[in-house]
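# Architecture at a glance
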Amino acid sequence: MTHVSPAPKQPSSGAAPGADSSKALYGGTGTRRITVRDIAAAKHRGEKWPMLTAYDAMTAAVFDESGIPVMLVGDSMGNCHLGYESTVPVTMDEITMLSAAVVRGTSRALIVGDLPFGSYQEGAVQALRNATRLVKDAGVGAVKLEGGERSAHQIELLVQSGIPVMAHIGLTPQSVNAYGGYPVQGRGEEAAQQLRRDAKAVQDAGAFAVVLELVPSELAAEVTRSLHIPTVGIGAGPECDAQVLVWTDMAGMTAGRVPRFVKQYAQLREVLGGAAKAFAEDVVGGAYPAAEHSFH
């Protein structure tokens, strides 16, 4: 099937009614790199914004051209890019190399690099050493790490040292072995109270935003209202300030069942597979390369 793309549309502004749409994170007219100050201003305006993961320069360039204001070079690369069964095996070398590629492929988006499992759990000094590597060697504008109260000291030192931090609470995939899977977090009063404490702890430590993963919608909405920093939801309902998806899930590249919270906006796995089969059939049948593809 031949797909004819429509003429590109200007992204619509995500700014709240009455706000200056030129400053919107998505749909704004600015061309400089987005910073954490822009993220804070969006929370003040009541503006919702999108975030996607990215792991290579070419895909990141497409998202940048599409107006995606924040990209996460997530340790989700383990599952969907590097062939690991979880995020746990991802290394600093891998994160650094792919983060640098994403930075090179973009000009406007704020690029956030994930700190992988084992790169910050020893304490604040270890976290600073590895976060500094991501900023200096890869050029990211911020880093992300998992954990609420247990990671507050790491966040505090990084922020004091000039490195913006996006926190991550609720379901923290690096703890998959402790969880025994990927269960929803914050159900029940005790668990909900812990999530509230975690959210306040990362805000107090200086995080500029916090990811809420697999959290009941009502609790995520309450936390979002209680914080002055933006919440980024993934499986946390519609009331978060922003939403993030792993791009391979969003675009239909992931094989098999996807999580309930995923909405697939395309079926690229089918499209790419069809292209590969068409190429193979042309080669086997002698249709490619044709005269127009050859040199004389």
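Note that the structure is a prediction, hence the values are computed from the model and not measured.

### Here we look at the overall build of the protein chain
- The helix and strand inventory of the protein chain stands at eleven helices and eight strands.
- For 296 residues, the compact-globule formula gives about 19 Å, and the C-alpha radius of gyration of the protein chain, at 20 Å, lands near that figure.
- Each principal axis of the C-alpha distribution contributes one length, and for the protein chain these read about 70 × 45 × 40 Å.
- A buried classification covers 48% of the 296 residues belonging to the protein chain.
- Taking as baseline every contact in the protein chain between residues at least 6 positions apart, the subset at least 24 positions apart corresponds to 56%.
- In the form shown here, the protein chain has an accessible surface area of approximately 15,300 Å², with 56% of it arising from carbon and sulfur atoms.
- A gap of 5 Å separates the mean positions of the 25 positive and 30 negative side-chain charges of the protein chain.

### Considering the nonpolar core
- Ranked by internal contacts, the top residues of the largest apolar core, which has 57 residues, are Met71, Leu115, Val143, Leu158 and Leu212.
- The greatest single-element share of this core, amounting to six residues, is contributed by helix H4 (residues 92–104).
- Not counting residues within four places of it along the chain, the set of residues in contact with Leu212 comprises Ile169, Ala220, Val223, Thr224, Thr231, Val232, Gly233, Ile234, Ala236 and Cys240.
- Core analysis: the next-biggest nonpolar cluster, separate from the first, contains 19 residues, Ile39, Trp49, Leu72 and Ala209 among them.

### Notes on the sheet that holds strand S6 (residues 209–213)
- Pairing is parallel around the closed barrel formed by eight strands, whose spatial order is S1-S2-S3-S4-S5-S6-S7-S8. If you compare each strand with its neighbour and ignore which way they point, the axes differ by 25° on average.
- In this structure, strand S7 (residues 231–234) lies alongside strand S8 (residues 242–245), joined through two bridges in parallel fashion. Within S8, the residue paired with Gly233 across the bridge is Gln243.
- Strands strand S5 (165–170) and S6 of the sheet are contacted by helix H8 (residues 189–205), whose axis makes an angle of about 175° with S5.

### Description of the pattern of salt bridges
- A complete count under the given rule lists ten salt bridges for this structure.
- Put simply, Asp114 and Lys144 hold a salt bridge, and the shortest N to O gap is 2.9 Å. You can see Asp114 sitting in strand S3 (residues 110–114) and its partner Lys144 sitting in strand S4 (residues 142–146), a full 30 residues away along the chain. Here Asp114 and Lys144 have matching classes, each one buried.
- Salt bridges linked by common partners bring Asp93, Arg133 and Asp137 together as one network.

So, how was this worked out
- Residues numbered from 1 in each chain as written.
- Predicted model: local features only at pLDDT ≥ 70, side-chain atom pairs only at ≥ 80, totals over all residues.
- Heavy atoms only, no water.
- Helix = DSSP H or I, 4+ residues; strand = E, 2+ residues; numbered from the N terminus.
- Rg over C-alpha atoms; globule rule 2.2 N^0.38 Å.
- Buried < 20%, exposed > 50% of the residue type's maximum accessible area, 1.4 Å probe, protein only.
- Contact = heavy atoms within 4.5 Å.
- Areas by Shrake-Rupley, 256 points an atom, 1.4 Å probe, with all protein chains shown as cover.
- Lys, Arg positive; Asp, Glu negative; His and termini not counted.
- Charge placed at Lys NZ, Arg CZ, Asp CG, Glu CD.
- Core = buried A, V, L, I, M, F, W, Y, C linked by side-chain atoms within 4.5 Å.
- Pairing = 2+ DSSP bridges.
- Axes fitted to C-alpha atoms, helices over the stretch in contact; angles between N-to-C directions.
- Salt bridge = Lys/Arg side-chain N within 4 Å of Asp/Glu carboxyl O.

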